[in-house]
Amino acid sequence: METKFEVHFWNLSNRARYHLGASFLKRLFDNAGAGDLRQLAKHIGVSYPYISPLVRGVYSIPTNLLVKLAEKANIGLEEVEKNIVAVRTRHGKVCRLKFPILPSASMASLIGHVFGDGYIGNKKRQFEYCNDNPNLLAEVKKHLRVAFGLEPMTERANRIGYSSIVGEILVAFGSHVAPKVKSEKQIPEWIKSGPKEYKASFLKALFDDDGSVLYSEGYNAKGVNFYQIREKNILQKSHQLLDEIKQLLQEFEIFPGEPHLRKTYFSHGEEHAISYINITNYKSILNFYSKIGLADGDKNNRLKKIVARRIHNNLGGNL
């Protein structure tokens, strides 16, 4: 059963700041201050020189301050967010989003990419994505355009970077923050209980980034694998996430093996573990190809070759 999930402005941290429509802004401060801005400033814990530009809309208003103003003005938070015209962080680009922010296939894909090759800073929440496949870079940019209406702030041959408001909102939707190797996050519930479109978008992003495809011209070796690196001391959580991915795949009649530990290694004095699940059954691979898919590139070309080849199953029959 699908679980209703949405992100309201009050779900975001105080890094987020809001611009309100001019008429509503005046009403908010008139109701909250009753004509005495100095007293209002004292009540909400800011200085008068700071509150004066807020009234004129010169500065954007941080989350906790906007909640305080709404309470003082006796205006419901739902009404406040209907009058938000843009959101940003202190130094980031303005993002014109409608609140509450609802789940979508694009948002599910972006969450998958943060689980994969994406990065959200722990302090500033900047979002970056790095991949050598230009088709994947273009795909991630498209999803960010759909979900946030934003273009990259920085762009190089294999890396794109976005305003920290993107990372702030993605974290509210269940993303990892750096360092990912220490993260115990599981698949967000809104994806697990959401429509198949969300699940397929999430899985595609995962396998596009951290999946691999095994194909050999001379042998019947074949497989689609997904790898994950976590600190060894949270191996159980790592395998729990892999098991959740396995369960999502099974909804598409794709049947991977159990999570396995491949190897451990030391990095900067910490023991890391590489674990994986693999898909070797031909019908499961065919279902992965037709129901999930991969971005155009070398990995997808190998997947196409597996699908095109007639191989023998364990019972000796042609598939």
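Residues numbered from 1 in each chain as written. Predicted model: local features only at pLDDT ≥ 70, side-chain atom pairs only at ≥ 80, totals over all residues. Heavy atoms only, no water.

(A) Spotlight on the overall build of the protein chain. The number of helices and strands found in the protein chain is 13 helices and eleven strands. With respect to the three principal axes, the spread of C-alpha positions in the protein chain is 85 × 40 × 40 Å. Contacts spanning at least 24 positions in sequence make up 68% of the contacts within the protein chain whose residues lie at least 6 apart. For the protein chain, the accessible area works out to roughly 15700 Å², and carbon and sulfur atoms hold 48% of it. (Helix = DSSP H or I, 4+ residues; strand = E, 2+ residues; numbered from the N terminus. Contact = heavy atoms within 4.5 Å. Areas by Shrake-Rupley, 256 points an atom, 1.4 Å probe, with all protein chains shown as cover.)

(B) Examining the sheet that holds strand β1 (residues 17-20) more closely. Read from one edge to the other, the open sheet built from three strands follows the order β2-β1-β3, with strand pairing classed as antiparallel. Bordering the open sheet on either side are β2 (61-62) and β3 (84-88), each of which pairs with just one other strand. By the bridge criterion, two bridges tie β1 to β2 in an arrangement that is antiparallel. Note that in β2 the partner of R17 across the bridge is P62. This element, helix α1 (residues 22-33), spans β1 and β2 of the sheet and lies at about 105 degrees to β1. (Pairing = 2+ DSSP bridges. Axes fitted to C-alpha atoms, helices over the stretch in contact; angles between N-to-C directions.)

(C) Representation of the pairing of strand β9 (residues 222-231) within the structure. For β9, the buried fraction is high: eight of the ten residues fall into the buried class. Alignment of strand β8 (residues 211-215) against β9, held across five bridges, turns out to be antiparallel. Bridge pairing in β9 places G211 opposite F226. Turn length for the β8-β9 hairpin, with the two strands adjacent in sequence and antiparallel, is six residues. As paired strands, β9 and strand β11 (residues 270-279) are joined by eight bridges and run antiparallel to one another. (Buried < 20%, exposed > 50% of the residue type's maximum accessible area, 1.4 Å probe, protein only.)

(D) Layout of α1. The end-to-end C-alpha distance of α1 is 16 Å, a good match for the 16 Å that twelve residues give at a rise of 1.5 Å each. What α1 keeps buried is the set F24, L25, L28, F29, A32 and G33. Relative to the axis of α1, the buried residues are bounded by an arc of 145 degrees and lie together on one face. Residues S23 and K26 are exposed on α1 and point more than 90 degrees away from its buried face. On its buried face, α1 sits against β1, α2 (37-44), α3 (48-55), β2, α4 (63-73) and α5 (77-82). Looking at the residues trailing α1, positive phi occurs at A34, about 50 degrees. (Expected span 1.5 Å × (residues − 1). Arc of directions from axis to C-beta.)

(E) Molecular detail of the packing of aromatic side chains. Counted according to the given criterion, the structure contains 13 aromatic pairs. Seen in terms of ring centroids, F207 and F288 are 5.0 Å apart; in terms of plane orientation they differ by 65 degrees. Their pairing is edge-to-face. Residue F207 is located in helix α10 (residues 196-210), and its partner F288 is located in helix α12 (residues 282-291); the two are separated by 81 residues in the primary sequence. F288 matches F207 in its accessibility class, with the two residues each being buried. Judged by centre distance (5.6 Å) and plane angle (35 degrees), the rings of Y227 and Y276 are tilted. (Phe/Tyr/Trp six-rings, centres within 6.5 Å; stacked < 30°, edge-to-face > 60°.)

Just geometry here; none of it tells us what the structure is for.
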